[in-house]
Amino acid sequence: MRIGIYQNHPEFGATGKNVEKAVIDISLTDADLFVLPELFNTGYQFTTMEEVHELAEQIPKGNTCRRMSALAREKGMFIVFGMAERDGDNYFNSSVLVGPEGYVGTYRKTHLFFEESDFFSPGDTGFCVFDIGGAKIGIMICFDWWFPESARALSLAGADIICHCANLVLPNCQTAMITRSLENGVFTVTANRVGTEGRSGKDPLTFTGGSQLIDNFGEIKVRMGKTETGIAVSDIDPVQARNKAITPRNDRFLDRRPEYYEILTSAIS
Ligand code: ACM
């Protein structure tokens, strides 16, 4: 299975332009599954609810979804991309999966970062796994990486590949995802953006690039530069992720002792 990663530098608010650029860039590359960054169409640093209202789109009726579905159909591939979602009066930081048959599903970001909670509701979908034929894929968004439960939940639910749409500003994620891959025995694909946004006097945020694919043994298959834009591809066998053996006598999942992990599902006040 060929995986494509798109690392971009969107112009804030220029959704039509950002989407068309992605469509043109991606249409030149053959892959089975493409992963794009978080909020790839709008840019990241919202400053007012009016901006959210203006730029968020319905899923799957909005222009971004329709455009990406058409690309997926044309290229016969699956695409995961991050966008601002409007659902009635609610707004979510979401990622969408489309494929050759059109819209497949949506994941709404569970762990909101910093000022995102001024603009978006916390996600209510939970961690979803989708069977795309030949692989099961899970989706998480950026800051979800800080909570190892995200990747663990997706892996226990059967994900072979975790598609991680990101707009990373903290320095540790690319390294941490090596561990997420290793401990869960899954492929992780982090698609990040580059550039700086410091809108309306807000502290500037610099996005760290370094989009990457880590294999199920924690090896870096591909990692992009910190400032480059473009596409990276890597060929993987996702079925390898179904072997959870660590040694002939140890298994990532069978050796778990969930009876001692109850605290993980209790709220801490
Ligand atoms: C982030 O969650 N976009 C840092």
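Small disclaimer: the values here were computed from a predicted structure and weren't measured.

**Some remarks on the packing of helix 1 (residues 15-27) against helix 3 (residues 63-75)**
One can describe the packing of helix 1 onto helix 3 by two numbers: an axis separation of 11 Å at closest approach and a directional angle of 10 degrees. As summarised for this structure, helix 1 and helix 3 are arranged roughly parallel, according to the angle between their axes. Residue-level inspection shows Val-19, Glu-20, Val-23, Ile-26 and Ser-27 of helix 1 in contact with helix 3, the latter providing Thr-64, Arg-67, Met-68, Leu-71 and Lys-75. Considered class by class, the residues forming the contact of helix 1 with helix 3 number five nonpolar, two polar and three charged.

**Overview of the pairing of strand 4 (residues 90-99)**
The element strand 4 is largely enclosed, with a buried count of nine among its ten residues. Relative to strand 4, strand 3 (residues 78-87) runs antiparallel, the two being bridged by nine bridges. Residue pairing in the sheet places Ala-84 in a bridge with Asn-93 of strand 4. Between the antiparallel neighbours strand 3 and strand 4 lie two residues, among them Gly-88 with a positive phi of about 65 degrees. Here strand 4 folds back onto strand 5 (residues 102-108) in antiparallel fashion, the turn holding two residues.

**Considerations on the packing of aromatic side chains**
As enumerated under the stated definition, the model contains eleven aromatic pairs in all. Ring geometry for Phe-46 and Phe-119: centres 6.4 Å apart, planes at 45 degrees, overall tilted. With Phe-46 in the loop between strand 2 (33-35) and helix 2 (49-55) and Phe-119 in the loop between strand 5 and strand 6 (129-131), the pair connects residues that are 73 residues apart, well separated along the chain. Residue Phe-46 shares its accessibility class with Phe-119, and that shared class is buried. Judged by centre distance (5.4 Å) and plane angle (90 degrees), the ring pair of Phe-143 and Phe-147 falls under edge-to-face. Look at Phe-143 and you get buried, because its relative accessible area is 16%. Residue classification places Phe-147 among the partly exposed residues on the basis of a relative accessible area of 27%. Aromatic ring contacts, followed pair by pair, group Phe-113, Phe-114, Phe-143, Trp-145, Trp-146 and Phe-147 into a single cluster. When the ring centre of Phe-92 is taken as reference, the NZ or CZ atom of Arg-108 above it lies at 3.9 Å. Positioned above the aromatic ring of Phe-12, the side-chain terminus of Arg-199 is 3.7 Å from the ring centre.

**Side note on the sheet that holds strand 12 (residues 212-214)**
The mixed open sheet is built from six strands, whose spatial order is 6-7-8-9-12-13. Strands with a single pairing partner mark the edges of an open sheet, and in this sheet they are strand 6 and strand 13 (220-223). Pairs of neighbouring strands in the sheet enclose a mean axial angle of 15 degrees, with direction left out of account. Lying over the sheet, helix 4 (residues 148-156) contacts strand 6, strand 7 (136-141) and strand 8 (161-165), oriented at roughly 165 degrees with respect to strand 7. Sheet strands touched by helix 5 (residues 173-184): strand 7, strand 8, strand 9 (187-191), strand 12 and strand 13. Its angle to strand 12, the strand with the most contacts, is close to 25 degrees.

**Thoughts on a nonpolar patch on the surface**
A surface patch of nonpolar side chains, amounting to about 460 Å² of accessible area, comprises Tyr-260, Tyr-261, Ile-263 and Leu-264. For Leu-264, a relative accessible area of 52% translates into the label exposed.

**Focus: the nonpolar core**
One finds Leu-33, Val-80, Leu-97, Ile-137, Ile-161 and Leu-213 to be the most contacted residues of the largest nonpolar core, which totals 40 residues. Elements with a minimum of two residues in this core: strand 1 (2-7), strand 2, strand 3, strand 7, helix 4, strand 8, helix 5 and strand 9. Phe-34, Met-68, Ala-72 and Val-96 belong to the second-largest nonpolar core, a separate cluster that totals 20 residues.

**A few points about the UniProt feature "domain: CN hydrolase" (unreviewed entry) in the chain**
UniProt annotation of "domain: CN hydrolase" (unreviewed entry) refers to residues 1-238 when read in the numbering used here. The span residues 1-238 carries 23% helix and 32% strand; its end-to-end C-alpha distance comes to 7 Å.

**Focus on the environment of Leu-154**
Summarising the element assignment, Leu-154 is placed in helix 4. You can call Leu-154 buried: its relative accessible area is 0%.

The rules behind each value
- Throughout, residues of each chain are indexed from 1 in the direction in which the sequence is written.
- Whole-chain, interface and lining totals are the exception, using all residues; otherwise, since this is a predicted model, local features are given only for residues with pLDDT of at least 70 and side-chain atom pairs are given and counted only at 80 or more.
- Neither water nor hydrogens contribute to the side-chain values; these are computed over all heavy atoms in the structure.
- Each axis is a line fitted through C-alpha atoms, and for a helix only the stretch in contact is used; angles between axes span 0 to 180 degrees, taken between their N-to-C directions.
- A helix here means a DSSP run of H or I that spans at least four residues, while a strand means a run of E at least two residues long, and both kinds are numbered starting from the N terminus.
- Note on angle classes: values under 35 degrees are labelled roughly parallel, values over 145 roughly antiparallel, values of 65 to 115 roughly perpendicular, and the remainder oblique.
- Residues count as neighbours in contact if any of their non-hydrogen atoms are within 4.5 Å of one another.
- Gly counts as polar in this scheme, as do all residues outside two lists: the nonpolar Ala, Val, Leu, Ile, Met, Phe, Trp, Tyr, Cys and Pro, and the charged Asp, Glu, Lys and Arg.
- Only protein chains enter the accessibility calculation, which uses a 1.4 Å probe. A residue is then buried if its area is under 20% of the maximum for its type, exposed if over 50%, and partly exposed in between.
- Pairs of strands are assigned from DSSP output, requiring at least two bridges between the strands.
- Pairing of aromatic side chains here covers Phe, Tyr and the six-membered ring of Trp, requires ring centres within 6.5 Å, and sorts the geometry by plane angle: under 30 degrees stacked, over 60 edge-to-face, intermediate tilted.
- To sit over a ring, a charge needs its Lys NZ or Arg CZ within 6 Å of the ring centre and within 35 degrees of the ring normal.
- Nonpolar side chains (Val, Leu, Ile, Met, Phe, Trp, Tyr) within 5 Å and like charges within 9 Å form the patches, drawn only from residues with over 30% relative accessible area and no salt bridge.
- The Shrake-Rupley method, run with a 1.4 Å probe, gives the accessible areas here. Residue values count only the displayed protein chains as cover.
- The term salt bridge refers to a side-chain nitrogen of Lys or Arg lying within 4 Å of a carboxyl oxygen of Asp or Glu.
- Grouping buried Ala, Val, Leu, Ile, Met, Phe, Trp, Tyr and Cys residues that are joined through side-chain atoms within 4.5 Å yields what is termed a nonpolar core.
- UniProt positions are given in the numbering used here, feature names are shortened, and annotations may be inferred rather than shown by experiment.

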